Amino acid sequence: MGKLVVLTLLGAALALIGERLVAFRQRVNASREVEPVEPQNCHLVEGLEHGSEDIDVLPSGLAFISSGLRYPGMPDLAPDELGKIFLMDLNEKNPKVQALKMSDDFDKASFNPHGISTFIDKDHTVYLYVVNHPDLKSTVEIFKFEEQQRSLIHLKTIQHELLKSVNDIVVVGPEQFYATRDRYSTNFFLALFFEMVMDLHWTYVLFYTPREVKVVAKGFSSANGITISPDKKYIYVADIMDKNIHVMKKHDNWDLTPLKVIQLGTLVDNLSVDPDTGDIWAGCHPNVMKLLMYNPQDPPGSEVLRIQNVLSDQPRIGTEYANNGSVLQGSSVAVVYHGKLLVGTVFHKAVYCVL
Ligand SMILES: [Ca+2]
Ligand SMILES: [Ca+2]
């Protein structure tokens, strides 16, 4: 009798795992091939060869680009390259990238930059906040940007017990930011099996100030990109595994309440907002299985979506760029600035288009 119970339970467990694995393959679009969409005037950006996971553009058109991310489970095509922040002036006719110098006392050897966000203080000083994973831990680094010297002065490293597995941040005030946690377990492979395959919803968005750190939204499968609407009233959060974008209302005490969810058919990474129109531009992964099981003969593709009329009942969703990986692999972010589009990737190249 005891054996029968054990065998029955084992059978049920195996059936559940099998069912979850089949569902996981569907959730990561394991059999999807992407149809190409390319604006006429696009070219690869010289000098951005080893990732450009996140990009943030100042109102002046200067774009900061985080490069060289090492993330568990993702391909690492250039293990000797150090993490860097590049600058690109989107006002130039043929913009070039330039690596920013960093303070001598900042540890560049372990710099592993991920999501970034800029903040302009009342005195016009520009600060760059960078999610960093030294030794695969999570910190947020605050830099002051010196435009003339093209350099970043390191001011502070922020660590907190709730700031774990941080993916992206959006800065909303001096030392005030929202951050996403993309997995609950700090071990990626445990997270992949228990959280993503078993479809748990354990990740969250938190709000940080030196005085207070609190979870302001939870129940995400894997919270990833985060940004704010141009009127600063709404926060947009991408849930990569659930293939959607959560629109949340921001309150005076920094709490967030869910307003609606925009469902997409692709795995959404970082988000940006066109300051002119308020449209969301999303860097997406058409097929995450191809990212996890990287094969250069059949590489992961890229896809950029634009969401117009975000707050209306019927947001319009359009594909602005898509490629099967022959040009661009693993797109994670797209930014626009006065009719120019810059698409970055987790570990690959970057594409610049005039729309
Ligand atoms: Ca960001
Ligand atoms: Ca991301």
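Residues numbered from 1 in each chain as written. Chains lettered and ligands numbered in written order. Predicted model: local features only at pLDDT ≥ 70, side-chain atom pairs only at ≥ 80, totals over all residues.

An unreviewed UniProt entry lists the protein under the name Paraoxonase, with Ceratotherium simum simum as the source organism. In the Sequence similarities (unreviewed entry) part of its UniProt record, the protein is described as follows: "Belongs to the paraoxonase family." (UniProt positions renumbered as here; feature names shortened; annotations may be inferred.)

Draft legend 1. How the structure looks around the pairing of strand β10 (residues 151–158). Across 2 bridges, strand β6 (residues 101–102) lies against β10 in parallel orientation. Looking at the pairing, M102 lines up with L152 of β10. As paired elements, strand β9 (residues 139–146) and β10 share 7 bridges and run antiparallel to each other. In the sheet register, E146 faces β10, and the bridge partner there is S151. Connecting β9 to the next strand, β10, in antiparallel fashion are 4 residues, including R150 with a positive phi near 50°. (Pairing = 2+ DSSP bridges. Helix = DSSP H or I, 4+ residues; strand = E, 2+ residues; numbered from the N terminus.)

Draft legend 2. Broad picture of unusual backbone geometry. Here the phi dihedral of S165 falls at roughly 45°; this positive angle occurs in a residue that is not glycine. Along the chain, the position of S165 falls in the loop between β10 and β11 (166–173). Despite not being glycine, H338 has its phi angle at roughly 45°, a positive value. You can see H338 is positioned in the loop between β23 (331–337) and β24 (340–345).

Draft legend 3. Representation of the sheet that holds strand β16 (residues 234–239) within the structure. Across the sheet, which stays open at both edges, the 4 strands sit in the order β15-β16-β17-β18 with antiparallel pairing between neighbours. Either end of the sheet is taken by a strand with one partner, and the two such strands are β15 (223–228) and β18 (256–263). Shown here is a sheet whose adjacent strand axes are inclined to one another by a mean of 25°, direction ignored. Bridge count between strand β17 (residues 244–250) and β18: 7 bridges; the pairing is antiparallel. Along β18, the bridge assignment pairs V247 with K260. (Axes fitted to C-alpha atoms, helices over the stretch in contact; angles between N-to-C directions.)

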